[in-house]
Structures are given as structure tokens and as C-alpha cells.
Amino acid sequence: MAAGARSALTDEFWRRYREASGLGHDSYDVVAFGDGPDMASELAELVVAGIKRATAGLVRQFGSDGEPPPVVGGYVVLLDGEARPRAIWRTTEARVGPLNSVDERFARDEGEGERTREWWLSAHRRFFGRSATALGFRMHDGIETVFERFEIVWPPAIADIGAREKK
């Protein structure tokens, strides 16, 4: 994931959700998946299609110099590769563990590729390995990873059933 900046588009998308849900705050983060526009759009489409309901990132990408860490109950506006808001999610679970602690259920919920643990590990070793090479750190299976699950709350046409019932 890559942190995005708020814009007039994200503010308007959020405002519509806030007004429809009766939410009384403007606390949300903005992200795009992957490491480029094509990947961001491809993965955003998996969210819109109801396939992707989890994501993972290295602990080192979060914090004061990086992305905001996921917070259970926190909101995220998801952007596609053209910086258009596609969905708002609410984080339902966040845990930190070694990369290789991923289980079959999480790999399936992340919704990418073959949706198996084996495929997930292979793909994430490559993806995180690119960051390791670029930033000069050592990639390994025990590297601390944030595993996040979420539910879609906006727009209504793609909102998860549980999220619709909570409104």
C-alpha cells in the first residue's frame, strides 16, 4: 500500500459517506494498493468486485515517516491508479506478525492470484523484496508484517452486508 493525499475528490467521497451514515467526524486515511498505477487499479477492482477484503504491509512502511498504521475501527478511502476514490473501508482486524505467519484464510481474503498461502507468500516475497532492494534492507520470511482485514462501508452498491446493517 501507499499512502495517498486527501484531495477534493476524497473529501467529497468522504462527505457523502459521512452524511449518509450520520458519522460525525472527518478522520480517514487515503491509500492506493501496490507500487504503481496499474497495480493500484487492478487491486481496487478486486475490492469493488467483493473479492479483496484484506491487505498486508511491512511494519517498516508505517509510522511517522510513512503511512498511518491501521487502527481497528479506522476508515480508509481507497484510490485507484488514477487517484479516483473507489471505496471506503473500516478496519475490522489488524495484527503484526512474521511474513510467513500468514494463513490460508488471510491469503484467500486478500483475494489476489490463486488465493492460497503458497501463492500469497511467493507474491509478497517478490513485492516486498522490491522495496527491500530499493530501500537497502534485508528481506526475509520473518520480517514483521501488518495483516489487516476490512469491510467496505461505501458506496452502498458494494458495501458489505454487515456494514450496511450497522448504519
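*Asks:* Describe the packing of aromatic side chains, naming the residues involved and giving the relevant values.
*Replies:* Counted under the stated rule, the structure contains eleven aromatic pairs. Look at W14 and Y75: their rings are 5.4 Å apart centre to centre, the planes differ by 70 degrees, and that puts the pair in the edge-to-face class. Residue W14 is found in helix α1 (residues 8–21), and its partner Y75 is found in strand β4 (residues 75–79); the two are separated by 61 residues along the sequence. The pair W14 / Y75 is uniform in exposure class, with both members buried. Ring centres of F106 and W120 lie 6.2 Å apart, and the angle between their planes is 85 degrees; this geometry places the pair in the edge-to-face category. Here the residue F106 occupies a position in helix α3 (residues 104–110), and W120 occupies one in helix α4 (residues 117–135), the gap between them amounting to 14 residues.

*Asks:* Mind laying out the pairing of strand β5 (residues 85–98), listing which residues take part and the relevant values?
*Replies:* In terms of strand pairing, β4 meets β5 through five bridges, oriented antiparallel. From the neighbouring strand, Y75 faces β5, where its bridge partner is R90.

*Asks:* Which residues make up the nonpolar core, and what values go with them?
*Replies:* Counting residues in hydrophobic clusters, the biggest one holds 15 residues, and the most contacted among them are L99, V102, F106, W120 and F147. No other element matches the five residues that α4 contributes to this core. The residues touching F106, leaving out its near neighbours within four places in the chain, are A54, T55, A56, W120, F147, E148 and R149.

*Asks:* Report on α4, specifying residues and quantitative values.
*Replies:* Compared with the 27 Å implied by 1.5 Å per residue over 19 residues, the 26 Å span of α4 between its first and last C-alpha is a close match. Those residues of α4 not exposed but buried are W120, L121, A123, H124, F127, F128, G129 and A132. Within two residues after α4, G136 carries a phi angle of roughly 75 degrees, on the positive side.

*Asks:* Go over the environment of R117, please, and point to the residues and values.
*Replies:* By the element assignment, R117 lies in helix α4. On the accessibility criterion, R117 (28% relative accessible area) is partly exposed. Residues R117 and A83, 34 residues apart in the sequence, show an inter-C-alpha distance of 30 Å. Apart from residues lying up to four places away in sequence, R117 is in contact with N100, V102, D103, E104 and A107. There is a polar contact of 2.5 Å between the side chain of R117 and the backbone oxygen of N100.

*Asks:* Give me the lowdown on the pattern of salt bridges, citing residues and values where you can.
*Replies:* Inspection of every chain in the model, using the stated rule, returns 17 salt bridges. Of the charged contacts in the structure, one is a salt bridge between D80 and R84, with a shortest N-O distance of 2.7 Å. Under the relative-accessibility criterion, R84 is labelled partly exposed at 40%. R84 is the salt-bridge partner of E82, the closest N and O atoms lying 3.4 Å from each other. Within this structure, E45, D80, E82, R84 and R86 form a network of salt bridges that share partners.

*Asks:* Which residues make up α1, and what are the values?
*Replies:* Note: α-helices contain 3.6 residues per turn, so residues at a spacing of three or four share the same orientation. An ideal rise of 1.5 Å per residue puts 20 Å on 14 residues; α1 measures up with 20 Å between its terminal C-alpha atoms. Residues of α1 that are buried include every one of T10, F13, W14 and Y17, and no others. Buried positions in α1, seen along its axis, are confined to an arc of 95 degrees and lie on one side of it. Turned more than 90 degrees from where α1 packs its buried face, A8 and E19 sit exposed. On its buried side, α1 packs onto β2 (29–32), β4, β5 and β6 (144–154). Following α1 by one or two positions, G22 adopts a phi angle in the positive range, close to 80 degrees.

Rules used in this analysis
Residues numbered from 1 in each chain as written. Predicted model: local features only at pLDDT ≥ 70, side-chain atom pairs only at ≥ 80, totals over all residues. Heavy atoms only, no water. Phe/Tyr/Trp six-rings, centres within 6.5 Å; stacked < 30°, edge-to-face > 60°. Helix = DSSP H or I, 4+ residues; strand = E, 2+ residues; numbered from the N terminus. Buried < 20%, exposed > 50% of the residue type's maximum accessible area, 1.4 Å probe, protein only. Pairing = 2+ DSSP bridges. Core = buried A, V, L, I, M, F, W, Y, C linked by side-chain atoms within 4.5 Å. Contact = heavy atoms within 4.5 Å. Expected span 1.5 Å × (residues − 1). Polar contact = N/O pair within 3.5 Å; in protein donor to acceptor, adjacent residues only side chain to side chain. Salt bridge = Lys/Arg side-chain N within 4 Å of Asp/Glu carboxyl O. Arc of directions from axis to C-beta.

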